[in-house]
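One-letter residues, chain by chain:
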Amino acid sequence: MKPSSLSASEQPGPAPAFSRLGIIVKPDGGEALDEVYRNLVSVAEEHGVDWALEEGAENPVPSIKAARFSRDRLDRDLIVVIGGDGTILNAARSLCQHEDVAILGVNLGRLGFLADVSPNDLDRHLSAILDGRYCEERRFLLQGSLVRNDTRIMESVALNDVTFKMRDPVRMVEFEMCIDGTLVNQQRSDGVVVCTPTGSTAYALSAGGPLIAPDLHAVGIVSICPHTLSYRPIVVDAHHLIEIRPVEGSRGGGVVSFDGQLNQPLEYGDVLAISKYEHDIRLIHPAGHDHYSLLRDKLCWSEQTF
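From a predicted model like this one, the values you see are computed outputs, not experimental measurements.

What counts, and at which threshold
Along each chain, residues carry numbers from 1 onward, in the same order as the chain's sequence is written. With the structure being a predicted model, the display of local features is reserved for residues of pLDDT at least 70 and the display and counting of side-chain atom pairs for 80 or more, all residues being used for whole-chain, interface and lining totals. Side-chain metrics in this entry use all non-hydrogen atoms of the structure; hydrogen atoms and water are not considered. Lines fitted to C-alpha atoms define the axes, with helix axes restricted to the stretch in contact, and inter-axis angles between N-to-C directions lie between 0 and 180 degrees. Secondary structure elements are taken from DSSP: a helix is a run of H or I of four residues or more, a strand is a run of E of two residues or more, and numbering for both begins at the N terminus. Here is the rule for angles: anything less than 35 degrees is roughly parallel, anything more than 145 is roughly antiparallel, 65 through 115 is roughly perpendicular, and the remaining ranges are oblique. By the definition used in this description, the sense in which the near helix is turned from the far one sets the handedness, with an anticlockwise turn below a right angle giving left-handed and a clockwise turn giving right-handed. In what follows, a contact means two residues having at least one pair of non-hydrogen atoms within 4.5 Å. Charged residues are taken to be Asp, Glu, Lys and Arg, nonpolar residues to be Ala, Val, Leu, Ile, Met, Phe, Trp, Tyr, Cys and Pro, and polar residues to be all remaining types, Gly included. To estimate how far a helix should extend, the number of its residues minus one is multiplied by 1.5 Å. Think of it in three bands: with a 1.4 Å probe and only protein chains considered, a residue is buried below 20% of the maximum accessible area for its type, exposed above 50%, and partly exposed in between. Being paired, for any two strands, means DSSP has found at least two bridges between them. Method remark: on a 1 Å grid restricted to protein atoms, a set of points is classed as a cavity if a 1.4 Å probe fits but cannot get out and as a pocket if it is open with protein on both sides within 12 Å along at least five of seven lines; lining residues have an atom within 4 Å of a point. Grid points are joined across faces, edges and corners, and a volume is the space filled by probe spheres set on the points.

K.L.:
An account of the packing of helix α1 (residues 30-46) against helix α3 (residues 122-130) is requested, with residue identities and associated values reported.
P.N.:
It is at 10 Å that the axes of α1 and α3 come closest, and there the two elements cross at 30°. Here α1 is positioned roughly parallel relative to α3, judged by the angle of their axes. Crossing geometry of α1 relative to α3 is assigned as right-handed. Judged by residue contacts, Val36, Asn39, Leu40, Val43 and Ala44 of α1 engage Leu122, Asp123, Leu126, Ser127 and Leu130 from α3. Grouping the amino acids of the contact of α1 with α3 by side-chain chemistry returns seven nonpolar, two polar and one charged.

K.L.:
For α1, give the residues involved together with the corresponding values.
P.N.:
Look at α1: 25 Å from first C-alpha to last across 17 residues, which is about the 24 Å you get at 1.5 Å a residue. As for α1, its buried residues are in contact with β1 (20-25), β2 (50-54), β4 (78-83), β5 (102-107) and α3. Positive backbone phi, approximately 70°, marks Gly48, located one or two places after α1.

K.L.:
Got a sec to walk through the pairing of strand β11 (residues 191-195)? Specific residues and values, please.
P.N.:
The buried count for β11 comes to five of five residues, which makes it a mostly enclosed element. By the alternation rule, side chains of β11 split into Gly191, Val193 and Cys195 and Val192 and Val194, which are all buried. When strand β8 (residues 161-166) meets β11, the two strands line up antiparallel, connected through five bridges. Across the sheet, Val162 pairs through a bridge with Val194, a residue of β11. Across five bridges, the pairing between β11 and strand β12 (residues 218-224) is antiparallel. Opposite Val194, over in β12, you have Ile221 as the bridge partner.

K.L.:
Can you explain empty space enclosed by the protein? Please cite residues and give values.
P.N.:
Per the stated rule, a full pass over the model turns up two cavities of 30 Å³ or more. Roughly 110 Å³ of internal volume is contained in the largest cavity. Lining the largest cavity are 14 residues; nearest its centre among them are Phe113, Arg139, Thr198, Thr201 and His291. Residue assignment for the lining of the largest cavity shows that the elements contributing at least two residues are β6 (134-148), β17 (271-286) and α5 (291-298). Within the lining of the largest cavity, the residues separate by chemical class into seven nonpolar, five polar and two charged. Put simply, the second largest cavity is a space of about 30 Å³. Every residue lining the second largest cavity is listed: Leu142, Val219, Val236, Asp237, Ala238, His240, Ile242, Ile274, Ser275 and Lys276. Considering each element in turn, the lining of the second largest cavity owes the most residues, three residues, to β17.

Shape is all these values report; function is a separate question.
As structure tokens, this is what we get:
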């Protein structure tokens, strides 16, 4: 006997665009995190998506039993980060070697340039994304290495920026900067921000730097409170090698910072080399995502006072 055919209501639906979802949560996210987590799990299960919480993270809702995944042994194709931009920056640095893994940010922070899905819209946007309706873009990172006495003592990556700044808040640092071996300037200032287009809306913006469109393959170099006002922000191609060297006699000690989260002291004789990292990250946005609409919203460009 032939098996009976399935009715229309019994036909299996199309496979989700992502089938293995990982969840990274902001520590101490409070009640807001609990609610978002419940909704996220509910949508994933409705779409038949295998989901798992990051290994080592506290389960926001212990009554919902969660499988676990590791960033070191990644077996996910979509990572949903619940938190602010800082949580995404941390995730991006550790996941950037997995270029095929998509990252979606749900905003529990403040501005949320990277985490652009609001908790109130999570159900609608995540359902559409799992159905294959979304925007996607690649963002590059910077790689910074600190060399001391011909020995590389530190190396890390940054999605936003690599920053060299004073260690003593009441002193300036003095340093020289070269691009591809050519001297650009020697300056006294509170430091310098070297940023990606992603980071142009962060520390570099506060220091007076330009907004760089995310599709530009460019790096911004922004001095922080320079002693000479003629030092202006510059934008260069991302393929250049930028080197920063504290000069002898500089009264202020320096520190190099990656995304404002990893820090390392920098002394005279050290060389900080900054270049484009070999891997990108894959960011997912809701369908219809518009970078300039995001800027208008986050920077209040559309507000008018009558």
